[in-house]
Amino acid sequence: MEDQEIIKYLLCKGTKAYRKKDYKTAFECFTKAANLGSEEAMSHLGAMYRDGNGVNQDGQKAVEYLEKDSNFNAIGEMYRDGNDVKQDGQKAVEYFEKAYKLDAIGEMYRDGNGIEQNGQKAIEYFEKTGNFDAIGEMYRDGTGVEQDGQKAIEYFEKTNNFRAIGFMYRDGIGVKQDYQKAIEYFSKNRDWRIIDEIRKRNKDKEWNKEKGEIKGKTKRQIKLNTDGKNKACYII
C-alpha cells in the first residue's frame, strides 16, 4: 500500500474515532499520518493540543503543528483570544495577515479585542475586503468612530442594504426620524410586513406625508447606549 493510501486510511479512521471521542485512537492515527507527511493530520494534532482533547493542553505544540499545515487563521484566533497561549493582539494580526483574514483584523481594531481600539484602522481593513456593511454599522452606532448617519447610509447603499437604512429612518438612529423615507427603503427591499407594521402602529395618528412624520409620540422605544447615542433596536 502506497503512503498516500495509508494516509487516507489513517485520516479516515482518525476522524471517525475523533467524532466518537475516542481521542486515543484518533491521536495515534493522526500521529502516524503526520509522520508520513500529512499536513492535514498535523492540523488535527494542532487542534487536539489546542483543545486538550486526548492530550495535555499545550498551546505551543498546537501552534507548531498548525504552522506545519499553514493553518494561520487558527493560530491567529489563539493569540487573539488567549486560548492556551498568552494573549497577543499583534501576533494575532500577523497570523491573520498571513491567512488574509482581514475582516478578523478589522473586528479586532473595531472592538479593541486584544489590541487598542482604532476605528480608522478597522475601516481600512474592512475597505480592503469590501465589507461595507461593517463600516456602515460602525458609523450608525458610533462604534470606534463618531456617529454619522449619512456616512452609514452611504456605506449601506453600496451593498444595497436598504433594510438597515429603513430601520435607521424608522427609529431615528443617527438620522432624523422619517417614516416616509423608512417606507421607501423598506419598499426597495420588499419588506411589506415591516411597512404594514409601521402603518398599523400609527393608524390612529395624524400622518404628514410631505414631511414623512407622525405627530405625537409613537409606541416604539429607542434604546440608548452609555454615550447617549441612539443604538439600533430592531425588534418589530
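Everything below is about the structure printed above this text.
These figures come from a predicted structure and were not determined experimentally.

A.B. asks: Got a minute to help me understand the side chain of N53 in this structure?
C.D. replies: Following the sequence through the fold, N53 ends up in the loop between α3 (39-51) and α4 (59-68). In this view, N53 contacts Y18, Y23 and M48; residues no more than four positions away in its chain are not counted.

A.B. asks: Sorry, what's going on with the packing of α4 against helix α5 (residues 72-81) here?
C.D. replies: Any two packed helices are characterised by the angle at which their axes cross and by the distance between the axes. Relative to each other, α4 and α5 sit at 155°, their axes nearing to 9 Å. With respect to α5, the axis of α4 lies roughly antiparallel. Considering how the two elements wind past one another, α4 and α5 form a crossing that is left-handed. When α4 is examined against α5, the residues G59, Q60, A62, V63, L66 and E67 are found in contact with a partner set consisting of A74, I75, M78 and Y79. Across the contact of α4 with α5, the residue classes tally to seven nonpolar, two polar and one charged.

A.B. asks: What exactly am I supposed to notice about unusual backbone geometry here?
C.D. replies: With glycine set apart, most residues show a phi of negative sign, and most peptide bonds adopt trans. Of note in this structure, Y100 is not a glycine but carries a positive phi near 55°. Residue position: Y100 is located in the loop between α6 (89-98) and α7 (102-111). A residue is classified by how much of its surface remains accessible, and Y100, at 57% relative accessible area, is exposed. A positive phi angle, close to 60°, is found at R190, a residue other than glycine. When you line up the elements, R190 lands in the loop between α12 (179-188) and α13 (192-201).

A.B. asks: Explain the pattern of salt bridges to me, please; I cannot follow it from the model alone.
C.D. replies: Close approach of charged atoms lets side chains of opposite charge pair. Scanning the entire structure with this criterion turns up six salt bridges. Salt-bridge contacts for R80 lead to D81; the nearest nitrogen and oxygen are separated by 2.8 Å. Of the residues examined, R80 reaches a relative accessible area of 16% and is grouped as buried. For the salt bridge of R110 with D111, the shortest nitrogen-to-oxygen distance reads 2.8 Å. R110 sits in the buried class, given a relative accessible area of 18%.

A.B. asks: Even after reading the chapter, I still don't get the environment of V145, so can you show me in this structure?
C.D. replies: Structurally, V145 can be placed in the loop between α9 (132-141) and α10 (149-158). Residue V145 is classed as buried on the basis of its relative accessible area, which comes to 11%. As for V145 and I123, which are separated by 22 residues in sequence, their C-alpha atoms are 9.5 Å apart.

A.B. asks: Sorry, what's going on with the packing of aromatic side chains here?
C.D. replies: Aromatic ring pairs are described here by two measures, namely the spacing of the ring centres and the angle between the planes. Taken as a whole, this structure holds eleven aromatic pairs when the rule is applied. Summarising the aromatic geometry, the rings of Y18 and Y23 are spaced 5.2 Å apart at their centres and angled 65° between planes, so their arrangement reads as edge-to-face. A relative accessible area of 26% means that Y18 is categorised as partly exposed. Ring centres 5.2 Å apart and planes at 75° place the aromatic pair F167 and F186 in the edge-to-face group. On the criterion of sequence distance, the pair formed by F167 in helix α11 (residues 162-171) and F186 in helix α12 is long-range, its members being 19 residues apart. The residues F167 and F186 share a single accessibility class, namely buried. Put simply, the rings of F27, Y49 and Y65 touch in pairs and so form one group of aromatic residues. Sitting above the plane of the F72 ring, K98 keeps its charged end 5.3 Å from the centroid. Looking at K128, its charged tip hangs above the ring of Y125, at a distance of 4.7 Å from the centre.

Criteria and cut-off values
- Residues numbered from 1 in each chain as written.
- Predicted model: local features only at pLDDT ≥ 70, side-chain atom pairs only at ≥ 80, totals over all residues.
- Heavy atoms only, no water.
- Helix = DSSP H or I, 4+ residues; strand = E, 2+ residues; numbered from the N terminus.
- Contact = heavy atoms within 4.5 Å.
- Axes fitted to C-alpha atoms, helices over the stretch in contact; angles between N-to-C directions.
- Parallel < 35°, antiparallel > 145°, perpendicular 65-115°, else oblique.
- Left-handed = near helix turned anticlockwise from the far one by under 90°.
- Nonpolar A, V, L, I, M, F, W, Y, C, P; charged D, E, K, R; others polar.
- Buried < 20%, exposed > 50% of the residue type's maximum accessible area, 1.4 Å probe, protein only.
- Salt bridge = Lys/Arg side-chain N within 4 Å of Asp/Glu carboxyl O.
- Phe/Tyr/Trp six-rings, centres within 6.5 Å; stacked < 30°, edge-to-face > 60°.
- Lys NZ or Arg CZ within 6 Å of the ring centre and 35° of its normal.

That's the geometry; what it means functionally is another story.
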